[in-house]
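One letter stands for each residue in the lines below.
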Amino acid sequence: MGSQSDLRIMKEAAEFLEEIGIAFELTIVSAHRTPHRMVEYASSARAKGLKVIIAGAGGAAHLPGMIASLTSLPVIGVPIKSSNSMDGWDSVLSILQMPSGVPVAAVALNGAKNAGILAAQIVGSSDKKVAKKIDAFKVVMQKKVEESYRNIEKKGWKNSL
Ligand code: RP5
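A brief structural summary. (Residues numbered from 1 in each chain as written. Predicted model: local features only at pLDDT ≥ 70, side-chain atom pairs only at ≥ 80, totals over all residues. Heavy atoms only, no water.)

**A closer look at the pattern of salt bridges**
So, point 1. A complete count under the given rule lists 1 salt bridge for this structure.
So, point 2. Ionic pairing is found between Glu-25 and Lys-48, a salt bridge with its closest N-O pair at 3.0 Å. Here Glu-25, found in the loop between helix H1 (7–20) and helix H2 (35–48), pairs with Lys-48, found in helix H2; they are 23 residues apart in sequence, far enough to count as distant. (Salt bridge = Lys/Arg side-chain N within 4 Å of Asp/Glu carboxyl O. Helix = DSSP H or I, 4+ residues; strand = E, 2+ residues; numbered from the N terminus.)

**Re the site of the ligand**
So, point 1. Taken together, Gly-2, Ser-3, Ser-5, Asp-6, Arg-33, Ala-57, Gly-58, Ser-82 and Asn-84 make up the full set of residues adjacent to the ligand.
So, point 2. Residue Ser-3 places a side-chain N or O atom 2.6 Å away from an oxygen atom belonging to the ligand.
So, point 3. Between the ligand and Arg-33, the relevant distance is 2.7 Å, taken from an oxygen atom to a side-chain nitrogen or oxygen of the residue.
So, point 4. About the coverage of the ligand: the protein hides 81% of its 360 Å² of free accessible area. (Near = heavy atom within 4 Å. Polar contact = N/O pair within 3.5 Å; in protein donor to acceptor, adjacent residues only side chain to side chain. Areas by Shrake-Rupley, 256 points an atom, 1.4 Å probe, with all protein chains shown as cover.)

**Examining a nonpolar patch on the surface**
So, point 1. Together, Trp-89, Leu-93 and Leu-96 make up a nonpolar patch on the protein surface, roughly 330 Å² of accessible area in all.
So, point 2. You can see Leu-96 is positioned in helix H4 (residues 89–96). (Patch = residues over 30% accessible without salt bridge, like charges linked within 9 Å, V, L, I, M, F, W, Y side chains within 5 Å.)

**Overview of the packing of H1 against helix H5 (residues 112–124)**
So, point 1. Contact pair H1 / H5: the axes reach a minimum separation of 7 Å and the direction vectors enclose 35°. You can see that H1 and H5 cross each other, and the crossing is right-handed. Packed against H1, whose contacting residues are Ile-9, Met-10, Glu-12, Ala-13, Phe-16 and Leu-17, the element H5 presents Ala-112, Lys-113, Gly-116, Ile-117 and Ala-120 at the interface.
So, point 2. Class assignment of the residues belonging to the contact of H1 with H5 gives a composition of 8 nonpolar, 1 polar and 2 charged. (Axes fitted to C-alpha atoms, helices over the stretch in contact; angles between N-to-C directions. Left-handed = near helix turned anticlockwise from the far one by under 90°. Contact = heavy atoms within 4.5 Å. Nonpolar A, V, L, I, M, F, W, Y, C, P; charged D, E, K, R; others polar.)

**Overview of the environment of Ala-68**
So, point 1. For Ala-68, the position within the fold is in helix H3 (residues 63–70).
So, point 2. On the basis of relative accessibility, which here comes to 12%, the residue Ala-68 falls in the buried class.
So, point 3. Separated by 35 residues in sequence, Ala-68 and Pro-103 place their C-alpha atoms 7.0 Å apart.
So, point 4. Beyond its immediate chain neighbours, meaning those up to four positions away, Ala-68 contacts Val-75, Val-102, Pro-103 and Val-104. (Buried < 20%, exposed > 50% of the residue type's maximum accessible area, 1.4 Å probe, protein only.)

**Quick notes on H2**
Residues separated by three or four positions in an α-helix point in the same direction, a consequence of the helix having 3.6 residues per turn.
So, point 1. If you check H2, its first and last C-alpha atoms are 19 Å apart, about what 14 residues at 1.5 Å a residue would give, namely 20 Å.
So, point 2. Largest kink in H2: about 25°, centred on Ala-42.
So, point 3. Along H2, the positions that sit buried rather than exposed are Met-38, Tyr-41, Ala-42 and Ala-45.
So, point 4. For H2, the secondary structure elements touched by its buried residues are strand S1 (53–58) and H3. (Expected span 1.5 Å × (residues − 1). Bend = angle between axes of the 7 residues up to and from the residue.)

So this is what it looks like as structure tokens:
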């Protein structure tokens, strides 16, 4: 993430990866304030054993795109509504509108949990154990929705229109 101030959002990705048992590292790498560290981090990421990079940044969010320009690992970008964001669109568009040849998988504004899930799915595409855990997560999610609509149906509101 680009700043300590992004942690309140980015911790949702970390929490998901922790829950599902995927090893990860969480750190601060700023495209604008520590550009040399960003180059070093991105260019050594694959050799270090990383499989996916989740990069979260707000405002003029250049971090995900710049990281993607420096590595062949998949990069997931999390646009963050930060103190320097106008309304969040600045960050969304900075991450979404990448030039041809340098893709970043952009999730929703503040969508760090989805970034964690997508990263796990990328790892799971070649790791059966991880894939099984994601399948189990989806079943839990489905059951929660089923419980919600059953509760609504119990009230007799199902066909009230
Ligand atoms: C971006 O600027 C960071 O990713 C953060 O979202 C935003 C504001 O940073 P701080 O001024 O809070 O450190 O580069």
